[in-house]
Every structure is written in structure tokens, then in C-alpha cells.
Amino acid sequence: MLTRPHLSDRAEYLIEQCRGKRVLHVGCGDDPFTEAKLSNGSLLHSLLSEVASRCCGVDSSVSSIELLKRHGFNDVLSGSIETLVRSGAIRSGDFDVVLAAEVLEHVSDAGRFLCSLQSLLKRPADRLIVTTPNAYCAYRWAYTMLTGRESGHPDHVAHYSRNTLTLLLKRCGLEVESVRYYSGKEYIHNRGRQRLFWWIDRIAYRLRPELGDGLIVSCKSIGATATTAKEAIGPAA
């Protein structure tokens, strides 16, 4: 079991948290890189499936889900988590760990998304784990200072800090138990022009983990009231 307060290897930590558990992996694909990661063995869903007692995958990308099925992953569903929960395709009590890894920053309605995940945490031991890029990442700040441009995925609609993410989770009926940081070693390569940012990330993360690439937040349900959930989700479509 990994017990260090700050971990640079995001995948290693998530694998340990899911070992032997029934896991719902929201965002199980990595479009457009799903096939390449399946081929080289780095797809997180594949790694989690090796250690979890059950690993059910959900992804909004139909092509990623079809690709996973062709590779033998049959416990996967396409669609939004909000729709799947509302329809009963995904039910509370079926999972010990709900994992949303590098998904929240792509979601337009974060409140509705997180309230849907919160509704799946039926028992006191059930946990939601969220990972997302850190708003105070050192190398992205340095990139902007040097180039005048933002460094980030073109599909990201938000970056969260520890405080803003904690507040958002609380509003959705969730209590944060731990916050960890990870460095950008999964994404930054020590070659070419990226070498400078590789070093910035390594040095900043070593001196101050809070300047790392991303956040790993583990939380439990605090039993959101109907009013809290309604306010966060908004009126039904």
C-alpha cells in the first residue's frame, strides 16, 4: 500500500486504491489515444482491470467503447454518467470505488456530473476518487510566461485548485478525505523543447508538490440533502 503524502506516479496510486475492489471507471477510454495505449499496455482501464475484482468502464466516446469491446473488455458502457445513472444502467451500491480520472476538466456541467457520482456512494466505505490538472501547475505557468500561450488539452474547459475543487465537491454532497499531487511525468518528455519544462516540473514538484501537474482527491458521501443536490444539478432537462 502506498502511504506517502505526495505521489508522482498517478497510475500507481490509483491501481493500489482499486486493488481487489469493485470499480466504476468513468472516462475509461482515452480518445484518440485508446488504441495506441491498448497496444503498449499503458491504458489505465487495462491496468485497473488486472487488479480490481470488477472494473466497469464508462465513456462518452462510442468509438473508444467499441474498441475496448474488441479487445475483450465487455463490462463497458457508452454514454454520459448522468444519463446512465438516471436510466438505472449504473446503480448505487454496485461499486466500492468510483473513479473519474482526468475527466472533470472536460465536463461542462461539473455540478451535475459530480452529483451523479455522489449518488452512487451508498455505503460509508464507498469512495469517489477524482484526478484533474492543477490550476497552479508550475510548468504550465512557465510555458505561458515564456510563450504567451496556454499549455493544455484543447478540450479542457476548466482547471481546478485544491480550494475550488474541495468547495465544488462539498456543494455536491461530498467530503474530501485526502488531497495528493502528481507530477507531469506521464505527459512531459525529457527531449527537444520539452526538456526545459521537464526540469521545471521536476524541480518545482520536489520543492513544493502543490505546484505539480495535477490533483488526486479522495472523498466520501456526506449524504447530500435533496435541496443540495437539486441546487447543484439544476432543473431536469
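Residues numbered from 1 in each chain as written. Predicted model: local features only at pLDDT ≥ 70, side-chain atom pairs only at ≥ 80, totals over all residues. Heavy atoms only, no water.

### What to know about the overall build of the chain
Now for step 1: A count of helices and strands for the chain gives 10 helices and seven strands.
Now for step 2: Expressed as a percentage of its 237 residues, the buried residues of the chain come to 46%.
Now for step 3: Counting only carbon and sulfur atoms, one obtains 52% of the accessible surface of the chain, whose full area is about 12,300 Å². (Helix = DSSP H or I, 4+ residues; strand = E, 2+ residues; numbered from the N terminus. Buried < 20%, exposed > 50% of the residue type's maximum accessible area, 1.4 Å probe, protein only. Areas by Shrake-Rupley, 256 points an atom, 1.4 Å probe, with all protein chains shown as cover.)

### Examining the packing of aromatic side chains
Now for step 1: Throughout the structure, instances matching the rule amount to two aromatic pairs.
Now for step 2: Judged by centre distance (5.3 Å) and plane angle (55°), the ring pair of Tyr 143 and Phe 197 falls under tilted. Of this pair, Tyr 143 sits in helix α7 (residues 138-147) while Phe 197 sits in helix α9 (residues 194-207), and the two are 54 residues apart along the sequence. We note that Tyr 143, like Phe 197, is buried. (Phe/Tyr/Trp six-rings, centres within 6.5 Å; stacked < 30°, edge-to-face > 60°.)

### Some details on unusual backbone geometry
Now for step 1: Cis geometry is adopted by the peptide bond preceding Pro 32, which originates at Asp 31 and carries an omega value of 5°.
Now for step 2: Of note, Glu 102 is a non-glycine position whose phi angle comes to about 55°, a positive value.
Now for step 3: The residue Glu 102 is located in the loop between β4 (97-101) and α6 (110-118) in this model.
Now for step 4: Residue Glu 102 is classed as buried on the basis of its relative accessible area of 17%.

### With respect to the environment of Tyr 139
Now for step 1: With respect to the helices and strands, Tyr 139 occurs in helix α7.
Now for step 2: With relative accessibility at 9%, the residue Tyr 139 sits in the buried group.
Now for step 3: On a C-alpha basis, the gap between Tyr 139 and Asp 213 in space is 7.7 Å, while along the polypeptide they are 74 residues apart.
Now for step 4: In this structure the side chain of Tyr 139 is engaged in a polar contact, spanning 3.1 Å, whose partner is the side chain of Asp 213. (Polar contact = N/O pair within 3.5 Å; in protein donor to acceptor, adjacent residues only side chain to side chain.)

### Regarding the environment of Asp 9
Now for step 1: Counting through the fold element by element, Asp 9 comes out in the segment before α1 (10-18).
Now for step 2: Between the C-alpha atom of Asp 9 and that of Lys 185, which follows or precedes it by 176 residues, the distance is 7.8 Å.

### A look at the nonpolar core
Now for step 1: Leu 24, Ile 90, Phe 113, Leu 114, Leu 117 and Leu 128 are the most contacted members of the largest nonpolar core, which totals 34 residues.
Now for step 2: If you tally residues by element for this core, the top one is α6, at five residues.
Now for step 3: The contacts of Ile 90, once residues within four sequence positions are left out, are Leu 24, Cys 56, Val 58, Leu 77, Ile 81, Leu 84, Val 85, Phe 95 and Leu 120. (Core = buried A, V, L, I, M, F, W, Y, C linked by side-chain atoms within 4.5 Å. Contact = heavy atoms within 4.5 Å.)

### Observations regarding the confidence of the model for the chain
Now for step 1: Taken residue by residue, the chain gives an average pLDDT of 87. The fraction at 70 or more is 88%.
Now for step 2: Here helix α10 (residues 226-233) is the element of the chain with the lowest mean pLDDT, 43, and strand β1 (residues 22-26) is the one with the highest, 98.
Now for step 3: Note that residues 1-8 has pLDDT below 50 and, in this model, 24 contacts with residues that lie over four places away or in other chains. (pLDDT = per-residue confidence, 0-100.)

### A word on the side chain of Asp 213
Now for step 1: Residue position: Asp 213 is located in the loop between α9 and β7 (214-221).
Now for step 2: Given the relative accessible area of 3%, Asp 213 is considered buried.

### Notes on the packing of α7 against α9
Now for step 1: It is at 8 Å that the axes of α7 and α9 come closest, and there the two elements cross at 140°. As the angle between them shows, α7 and α9 are arranged oblique. For the pair α7 and α9, the sense of crossing is right-handed. When α7 is examined against α9, the residues Ala 138, Tyr 139, Ala 142, Tyr 143 and Leu 146 are found in contact with a partner set consisting of Leu 196, Phe 197, Ile 200, Asp 201 and Ala 204.
Now for step 2: Residues belonging to the contact of α7 with α9 are distributed by class as follows: nine nonpolar, no polar and one charged. (Axes fitted to C-alpha atoms, helices over the stretch in contact; angles between N-to-C directions. Parallel < 35°, antiparallel > 145°, perpendicular 65-115°, else oblique. Left-handed = near helix turned anticlockwise from the far one by under 90°. Nonpolar A, V, L, I, M, F, W, Y, C, P; charged D, E, K, R; others polar.)

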